[in-house]
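Structural description and commentary
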Amino acid sequence: MSEVSTKPYLIRAIHEWCVDNGYTPYLAVSVNSQTLVPPEHVKAGEIVLNVSPLASNKLEMGNEWIQFQARFSGRVQDIMVPVAQVSAIYARENGHGMAFDVPKPMANPELEPVQGAQENTALKPVVDKSDSPDEKTFKKPASGKKSHLTRVK
């Protein structure tokens, strides 16, 4: 029997920590052909999902898949994300969480942003020489607020 990755357990632990502390857990996901999310909300091959109890319904965080229902533009939609495609889980309020190595998003013209579309506000890496090689600093471009996520290989 093959060993199960620690990644789904870490995702569930950070999610539980966020909820226990009154924070809003966000999942950053690298979209691929197996990822079921609303394509109109995908920016540069990625999507950030609010997985708080108030924003998600029927949340199931398994070892292979994360599934739930959420509202997008007023419509309830089923969301299915392979755990392998989760690039980070973090608290919206302070940015604390964990980042993971994920294969690059596949090139799909239907998922690419339209020319002149608003810039993606998802977390973007910033080089910070003071951190260890296993950590990267992420910031939200709009606020400039920095947070530290530990990158797991």
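Above this note sits the structure.
Since we're looking at a predicted model, the values are computed, not measured.

Attention shifts here to the overall build of the protein. In terms of helices and strands, the protein carries one helix and ten strands. In the protein, the succession of helices and strands from N to C terminus is α-β-β-β-β-β-β-β-β-β-β. For the protein, with 153 residues in total, the buried portion stands at 39%. Counted over contacts in the protein with a minimum sequence separation of 6, partners at least 24 positions apart contribute 52%. As displayed, the protein has an accessible area near 9300 Å², and 52% of this comes from carbon and sulfur atoms.

What follows covers the nonpolar core. Ranked by internal contacts, the top residues of the largest apolar core, which has 24 residues, are Ile11, Leu27, Val37, Leu49, Ile66, Ile79 and Val81. Elements that contribute at least two residues to this core include exactly helix H1 (7-20), strand E1 (25-30), strand E2 (46-50), strand E4 (65-72), strand E5 (75-82), strand E6 (86-91) and strand E7 (97-100). Take this core: its biggest share by element is four residues, from E4. Valine 37 has contacts with Val31, Val42, Ile47, Leu49, Ile79 and Val81, leaving out every residue within four places of it along the chain.

A few words now on the pairing of E5. Bridge count for E4 against E5 is eight bridges, and the pairing is antiparallel. Residue pairing for E5: tryptophan 65 is matched across the bridge by proline 82. As consecutive antiparallel partners, E4 and E5 are separated by two residues, and within that stretch serine 73 has a phi angle of approximately 55 degrees, a positive value.

Here we take up the sheet that holds strand E3 (residues 56-61). Each strand in a sheet pairs with its neighbour through backbone hydrogen bonds, running either in the same direction (parallel) or in the opposite one (antiparallel). Pairing in this open sheet of three strands is antiparallel, and the strands run E3-E4-E5 from one edge to the other. Since the sheet does not close on itself, it has two edges, and those belong to E3 and E5, each with one partner. In this sheet, adjacent strand axes meet at a mean angle of 20 degrees when their direction is disregarded.

Of all six residues in E6, six are buried; the element is thus mostly enclosed. With three bridges connecting them, E6 and E7 associate as antiparallel partners. Residue alanine 88 lies in a different strand from E7, and its bridge partner there is alanine 99. Taken together, E6 and the strand that follows it, E7, pair antiparallel across an intervening segment of five residues, in which glycine 95 is found at a positive phi of about 75 degrees.

Examined against the element boundaries, glutamate 93 turns out to sit in the loop between E6 and E7. In this structure glutamate 93 comes out as partly exposed when scored by relative accessible area, which is 28%. Through-space distance from the C-alpha of glutamate 93 to that of proline 25 is 8.9 Å; in sequence the pair is 68 residues apart.

On to H1. Between its first and last C-alpha, H1 extends 20 Å over 14 residues, near the 20 Å set by a 1.5 Å rise per residue. Among the residues of H1, those classed as buried are Lys7, Pro8, Ile11, Ile14, His15 and Cys18. With its buried residues spanning 130 degrees around the axis, H1 presents them on a single face. On its buried face, H1 is in contact with E1, E3, E4, E6 and E7. A positive backbone phi angle near 75 degrees is found at glycine 22, which sits one or two residues after H1.

Moving on: the side chain of serine 52. Take serine 52: it is sitting in the loop between E2 and E3. The exposure class assigned to serine 52 is buried, which follows from its relative accessible area of 9%.

Cut-offs applied
Residues numbered from 1 in each chain as written. Predicted model: local features only at pLDDT ≥ 70, side-chain atom pairs only at ≥ 80, totals over all residues. Heavy atoms only, no water. Helix = DSSP H or I, 4+ residues; strand = E, 2+ residues; numbered from the N terminus. Buried < 20%, exposed > 50% of the residue type's maximum accessible area, 1.4 Å probe, protein only. Contact = heavy atoms within 4.5 Å. Areas by Shrake-Rupley, 256 points an atom, 1.4 Å probe, with all protein chains shown as cover. Core = buried A, V, L, I, M, F, W, Y, C linked by side-chain atoms within 4.5 Å. Pairing = 2+ DSSP bridges. Axes fitted to C-alpha atoms, helices over the stretch in contact; angles between N-to-C directions. Expected span 1.5 Å × (residues − 1). Arc of directions from axis to C-beta.

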